[in-house]
Amino acid sequence: MKLIDGKQTAAQIRSELKLRTASFEQRYGKKVGLAVVLIGNDPASQVYVRNKITACQETGIRSFAHYLPETVTEQETLSLIRSLAEDDNIHGILVQLPLPEHLNADKILSTIPAAKDVDGFLAENIGKLALSEEGTVACTPLGVMELLKRYQISLCGKRAVVLGRSNIVGRPMALLLLNEDATVTVCHSKTQNLKEECLRADILVAAIGKAKFVTNDMIKTGAVVIDVGINRTDDGKICGDVDFENVKEKCSYITPVPGGVGPMTIAMLLTNVVQAAEKAQCRNIY
Ligand code: NDP
């Protein structure tokens, strides 16, 4: 069994991005910029936003943080997003979810221009992915693809099984694997004979949010197992959707939790921001 080290890969990606942001600044006389909008006081969201801003600083990306109170109106939020959309110093806009209940998240997110949608959540970007066209892809599934690529795990003709069909992980994950010529099955809470589906997988991606759900008897010998899940156990530890100790000897490759897919999510967000900035400059030139 080989361990897929997401922490080390993410560090490598950040150091590559640092070169790209420096060259962008030298060439265009300004920094790559990301606007982060946080509404309310959700403690987990505050931690995520802090981590994203720190990662930006380490990579040479200028972050513009906007902290809005829980009581902000939809109009105020929309007018902020519109002003960020028009600002040439801002190449990506990230609205931290979840939003307070009185705000319509779909309406607010759809105000972000597709070119600045660095989360890849907009219908336009998801549509492009579905059509196998170039667009911005959601960071977590993109991070999984980057790990598979950097570990030279081939996908063409392989049987891939994705557990979970959420808009931010499972669905885009399945489309990405399909676009790389894997034969893809998507499983969800209504899937029958889930174990049999998993046993057919050359590549199994677990993204259901159920601690240690995937066990030894669900894995084909030699399978590649990617664990997207982040769950908290009763003793306060973080664990994935895969029972790592129980399955590891049966796999050819496996991602740990923590230290697998998790660190790749922010690394791919930074990648999407740098890419958006480079594309924006190219559009200005031509
Ligand atoms: P959601 O809750 O949005 O989706 C969960 C999916 O799993 C749904 O499609 C659901 O099916 C399916 N599911 C739930 N229970 C079962 C089951 N018993 N058998 C089969 N399928 C099941 O979660 P997310 O996609 O947002 O996240 C999934 C996991 O990934 C979570 O642990 C989350 O914390 C983690 N995550 C990790 C990230 C990272 O950076 N590493 C980033 C984002 C998420 P149905 O559609 O039928 O309800």
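Heads up: the structure comes first, above all this text.
Residues numbered from 1 in each chain as written. Predicted model: local features only at pLDDT ≥ 70, side-chain atom pairs only at ≥ 80, totals over all residues. Heavy atoms only, no water.

In the vicinity of the ligand lie 20 residues, with Arg 165, Ser 166, Ser 189, Ile 230 and Thr 265 positioned nearest. Interatomic distance of 2.5 Å between a side-chain N/O atom of Ser 189 and an oxygen atom of the ligand. In the complex, 70% of the free accessible area of the ligand, which totals 930 Å², lies under the protein chains. Residue contributions to the shell around the ligand peak at three residues, all from helix H10 (residues 261–285). (Near = heavy atom within 4 Å. Polar contact = N/O pair within 3.5 Å; in protein donor to acceptor, adjacent residues only side chain to side chain. Areas by Shrake-Rupley, 256 points an atom, 1.4 Å probe, with all protein chains shown as cover. Helix = DSSP H or I, 4+ residues; strand = E, 2+ residues; numbered from the N terminus.)

Ordered by their spatial adjacency, three strands build an open sheet running S3-S2-S4, and the pairing between neighbours is parallel. Edge positions in the sheet fall to strand S3 (61–68) and strand S4 (92–95), since each of these pairs with one other strand and no more. Going from strand to strand, the sheet's axes swing by 15 degrees on average, the running direction of each strand aside. Pairing of strand S2 (residues 32–39) with S4, which is carried by four bridges, proceeds in the parallel orientation. Across the sheet, the residue bridging to Leu 34 is Gly 92, located in S4. Along the sheet face, helix H3 (residues 74–86) touches S2, S3 and S4 and points at about 175 degrees away from the line of S2. (Pairing = 2+ DSSP bridges. Axes fitted to C-alpha atoms, helices over the stretch in contact; angles between N-to-C directions. Contact = heavy atoms within 4.5 Å.)

Ranked by size, the top nonpolar core spans 51 residues in total, and within it Leu 34, Ile 61, Leu 148, Leu 177 and Ile 226 carry the most contacts. Here the element with the most residues in this core is H10; it accounts for 10 residues. What Leu 148 contacts, discounting residues up to four positions off in sequence, is Ile 153, Leu 155, Leu 177, Val 224 and Ile 226. Among the nonpolar cores identified, the runner-up in size contains 20 residues, and Ala 35, Leu 78, Leu 80 and Ile 93 belong to it. (Core = buried A, V, L, I, M, F, W, Y, C linked by side-chain atoms within 4.5 Å. Buried < 20%, exposed > 50% of the residue type's maximum accessible area, 1.4 Å probe, protein only.)

Time to look at the packing of aromatic side chains. Evaluation of the coordinates by the stated rule reveals two aromatic pairs. Residues Tyr 151 and Tyr 253 carry aromatic rings whose centres are separated by 6.4 Å and whose planes lie at 75 degrees to one another, so their mutual orientation is edge-to-face. One end of the pair, Tyr 151, is in the loop between helix H6 (139–150) and strand S5 (159–163); the other, Tyr 253, is in strand S11 (residues 253–254), with 102 residues separating them in the sequence. (Phe/Tyr/Trp six-rings, centres within 6.5 Å; stacked < 30°, edge-to-face > 60°.)

What follows is about the pattern of salt bridges. Pairing between side chains of opposite charge can happen when their charged atoms approach one another. Counted under the stated rule, the structure contains 12 salt bridges. Salt-bridge contacts for Arg 150 lead to Glu 16; the nearest nitrogen and oxygen are separated by 2.8 Å. Highlighted residues: Arg 150 in helix H6 and Glu 16 in helix H1 (residues 6–28), separated in sequence by 134 residues. Across the pair Glu 25 and Lys 31 runs a salt bridge, and its minimum N-O distance is 3.4 Å. What makes Glu 25 partly exposed here is its relative accessible area of 32%. Among the charged side chains, a network of salt bridges with common partners joins Glu 16, Glu 146 and Arg 150. (Salt bridge = Lys/Arg side-chain N within 4 Å of Asp/Glu carboxyl O.)

Moving on to the sheet that holds strand S1 (residues 2–3). The parallel open sheet is built from six strands, whose spatial order is S1-S11-S8-S7-S5-S6. In this open sheet, the two strands that pair with only one neighbour each are S1 and strand S6 (183–187). Where S5 meets strand S7 (residues 203–206), four bridges bridge the pair, whose relative direction is parallel. Bridge pairing links Leu 163 to Ala 206 in S7. Sheet strands in contact with helix H7 (residues 170–179) are S5, S6 and S7, and its direction is about 170 degrees off that of S5.

Moving on, we get to the pairing of S3. Here eight bridges tie S2 to S3, and the two strands are oriented parallel to one another. Bridge assignment links Gly 33 to a residue of S3, and that residue is Arg 62. Each parallel crossover has a hand, and for S2 linked through helix H2 (residues 43–59) to S3 it is right-handed. (Right-handed = clockwise from strand over helix to strand, strands pointing away.)

This part is about the pairing of strand S8 (residues 224–227). In S8, alternate side chains face the same way, and those of Val 224 and Ile 226 on one face and Val 225 and Asp 227 on the other are all buried. Note that S7 and S8 share four bridges and pair parallel. If you follow Ala 206 over to S8, its bridge partner there is Asp 227. Looking at chain direction, S8 and S11 are connected through two bridges and run parallel. Of the residues in S11, the one forming a bridge with Val 224 is Tyr 253.

Treat this as a map of the structure, not an account of what it does.
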